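Structure assessment
Chain by chain, the residues:
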Amino acid sequence: MASIRRTLSPMYHDRSHENGGSHKGFTIGGSSSKHNSSQFLSYLTKLLGVTSDPKSSRRGPWRRPFYQFLVFFLLGFVLGLTPFGKMEDVNGSDRFSFEIKQPYVEERLDNNKKREEVAVDAVSFVAETENGKEEVNFVPKKLIIVVTPTYNRAMQAYYLNRIAQTLRLVESPVLWIVVEGNVASFETSEILRKTGVMYRHLVCKRNMTSIKDRGVHQRNTALEHIELHKLDGIVYFADDDNIYSLELFQSLRQISRFGTWPVAMLAPSKNKAILEGPVCNGSQVIGWHTNEKSKRLRRFHVDMSGFAFNSTILWDPKRWRRPFSHPTRQLDTVKEGFQETSFIEQVVADESEMEGVPPACSRILNWHLHLDALDVPYPQGWAIQKNLQALITMK
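Residues numbered from 1 in each chain as written. Predicted model: local features only at pLDDT ≥ 70, side-chain atom pairs only at ≥ 80, totals over all residues. Heavy atoms only, no water.

As annotated in an unreviewed UniProt entry, the protein is Glycosyltransferases from Arabidopsis lyrata subsp. lyrata. For the protein, the Subcellular location (unreviewed entry) comment in UniProt is given as "Golgi apparatus membrane". In its Cofactor (unreviewed entry) section, the UniProt record describing the protein reads: "Mn(2+)". (UniProt positions renumbered as here; feature names shortened; annotations may be inferred.)

Right, dumping it as structure tokens:
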């Protein structure tokens, strides 16, 4: 069977097109476009690590995931920097509206202005009941700052545990500042850790040569600590060898500036009791109880454990219009028994600035008993290692 093969006429190769190019030129242009697209695809496959060469895939198996991660990372980074502005729902409701707002910029205060310290005296709440809304006033309780100077002796553990048991029953907040001389002993630290009372254990670094001045310097160390940290509360000097009632600490929060009350104590001869403190008409101090002739020259007849005062007197004197510019401290230059009155004279001017606690000063709230055993050493660690043999054996 004969086959017929038709060939292109040579006239078509020389025919020109309307755009001025020949058929051969059009063919070359098409091959150029395909060449460019093939170059882009080959570049993209190389970028992503896709290759048909098995040798190259064996040489770099890590390239493909690395370049994929790089491309998607750059894409996510660019999309993350794109500001989308404000988006709202189609219905125009505010429930599903999202808006990018500038962060709140607090107004800067002028350099010449200082922020005033604001003390919160009370907080009011509104409670909804069946009868309507009722306003409830919440008054925060004052902090009671108990200052106790102590030193290592035979009865120290008994004294500290006794006062700690009383402080545990007082409603918080209560801060117990215990001050030792020269160094903080291990025995005192162990006692304080087991009391369950919030405390601060301080050390008086001053060299104390006289026993009389020991308590003065230890109390001044506590006063410096209160002034430095601006503790706001009622300061009370509670020696560890005194006996305190729970009612006393509950009454301290009623003091506004300076409160005082009578204290019962044993005379040095131990044969009679002495009452020392204010005579009150209601809460007004009108006189003093005193039985010792040697102390009648004092301005205020008060025991060290018979008064308390507001701590802001130490670090905010302008609030109370105090005329003294020097810090309020106890003096070691006065005679024994005059430390109380010399300190009180720095706090108040006269009896008109005092408050009787409790009203009429008709109750004894604490007792000062001189029952300490002098010159008796205490066992180290409060553990007895010697003289444990039985004196009387059981038959």
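Regarding its fold elements, the protein presents 10 helices and 16 strands. Buried residues in the protein amount to 33% of all 395 residues. With an accessible surface of roughly 27,900 Å², the protein has 55% of that area assigned to carbon and sulfur atoms. (Helix = DSSP H or I, 4+ residues; strand = E, 2+ residues; numbered from the N terminus. Buried < 20%, exposed > 50% of the residue type's maximum accessible area, 1.4 Å probe, protein only. Areas by Shrake-Rupley, 256 points an atom, 1.4 Å probe, with all protein chains shown as cover.)

On the surface, a nonpolar cluster with roughly 980 Å² of combined accessible area is contributed by Trp-62, Phe-66, Phe-69, Leu-70, Phe-73, Leu-74, Phe-77, Val-78 and Leu-81. The topology assignment puts Phe-69 in helix α3 (residues 63–81). Residue class for Phe-69 comes out exposed when judged on its relative accessible area of 56%. (Patch = residues over 30% accessible without salt bridge, like charges linked within 9 Å, V, L, I, M, F, W, Y side chains within 5 Å. Salt bridge = Lys/Arg side-chain N within 4 Å of Asp/Glu carboxyl O.)

Quick look at the pattern of salt bridges now. Two side chains bearing opposite charge may form a pair once their charged atoms approach each other closely. Applying the stated criterion across every chain yields a total of 10 salt bridges. Glu-353 serves as the salt-bridge partner of Arg-257, at 3.5 Å between the closest nitrogen and oxygen. Note that Arg-257 is positioned in the loop between α7 (246–252) and β10 (258–260) and Glu-353 in the loop between α10 (339–347) and β15 (355–356), a separation of 96 residues in sequence.

This part is about the nonpolar core. Soluble globular proteins tend to pack their nonpolar side chains together in the buried interior. Counting residues in hydrophobic clusters, the biggest one holds 33 residues, and the most contacted among them are Phe-237, Phe-307 and Phe-309. If you look at the next biggest cluster of nonpolar residues, it comprises 30 residues, including Val-174, Leu-192, Ile-234 and Leu-248. (Core = buried A, V, L, I, M, F, W, Y, C linked by side-chain atoms within 4.5 Å.)

Per the stated rule, a full pass over the model turns up 14 aromatic pairs. Between Tyr-158 and Tyr-159, the aromatic rings sit 5.6 Å apart at their centres with planes inclined by 50°, giving tilted as the arrangement. Tyr-159 sits in the buried class, given a relative accessible area of 4%. A ring pair is formed by Phe-307 and Phe-343, whose centres lie 6.2 Å apart and whose planes are at 35°; its orientation type is tilted. Linking Phe-307 in strand β14 (residues 307–310) with Phe-343 in helix α10, this pair joins segments that are 36 residues apart in sequence. Neither Phe-307 nor Phe-343 differs from the other in exposure class; each is buried. Linked through ring pairs, Phe-237, Phe-258, Phe-307, Phe-309 and Phe-343 together constitute an aromatic cluster. The cationic tip of Arg-153 hangs over the ring face of Tyr-151; the distance from NZ or CZ to the ring centre is 4.1 Å. Seen from the ring of Tyr-151, Arg-214 lies directly overhead, with NZ or CZ sitting 3.7 Å from the centre. (Phe/Tyr/Trp six-rings, centres within 6.5 Å; stacked < 30°, edge-to-face > 60°. Lys NZ or Arg CZ within 6 Å of the ring centre and 35° of its normal.)

Here we take up the pairing of strand β12 (residues 273–281). In terms of strand pairing, strand β11 (residues 263–266) meets β12 through four bridges, oriented antiparallel. Counterpart to Leu-266 in the pairing with β12 is Ala-273. Hairpin connection from β11 to β12: six residues lie between these consecutive antiparallel strands, with Lys-270 at a positive phi of about 65°. Two elements, β12 and strand β13 (residues 284–289), share five bridges in a ladder whose sense is antiparallel. Within the sheet, the bridge partner assigned to Asn-281 lies in β13 and is Gln-284. If you look at the hairpin formed by β12 and β13, you'll find two residues sitting between the two strands, and Gly-282 has a positive phi there, around 75°. (Pairing = 2+ DSSP bridges.)

Turning to the UniProt feature "binding site: Mn(2+)" (unreviewed entry) in the protein, a few remarks are in order. Per the UniProt record, the feature "binding site: Mn(2+)" (unreviewed entry) sits at Asp-241. Structurally, Asp-241 is set in the loop between β8 (233–237) and β9 (243–244). Not counting residues up to four positions away in its chain, the partners in contact with Asp-241 are Arg-153, Tyr-159, Arg-162, His-368 and Leu-369. (Contact = heavy atoms within 4.5 Å.)

Another aspect to go through is the environment of Gly-287. Along the chain, Gly-287 turns up in strand β13. When its relative accessible area of 18% is taken as the criterion, Gly-287 is described as buried. A C-alpha to C-alpha distance of 8.6 Å links Gly-287 and Gly-277, two positions 10 residues apart in sequence. Those residues in contact with Gly-287 that sit more than four places away from it in its chain are Gly-277, Pro-278 and Val-279.

Here we take up the state of the cysteines. Within the structure shown, the criterion is met by one disulfide. Sulfur-sulfur distance for the disulfide between Cys-280 and Cys-361 comes to 2.0 Å. Disulfide Cys-280-Cys-361: the torsion about the S-S bond is -55°, which places it as left-handed. With a gap of 81 residues between them, Cys-280 in strand β12 and Cys-361 in the loop between β15 and β16 (366–368) connect regions that are remote in the sequence. Look at Cys-361 and you get buried, because its relative accessible area is 10%. (Disulfide = S-S within 2.5 Å.)

This part takes up unusual backbone geometry. Look at the link from Ser-172 to Pro-173: it is a cis peptide, with omega at 10°. Its location among the elements puts Pro-173 in the loop between α4 (156–168) and β6 (174–181). Note that the residue after Val-357, namely Pro-358, is joined by a cis bond; omega there is -15°. The phi dihedral of Cys-361 is positive, around 50°, even though this residue is not glycine.

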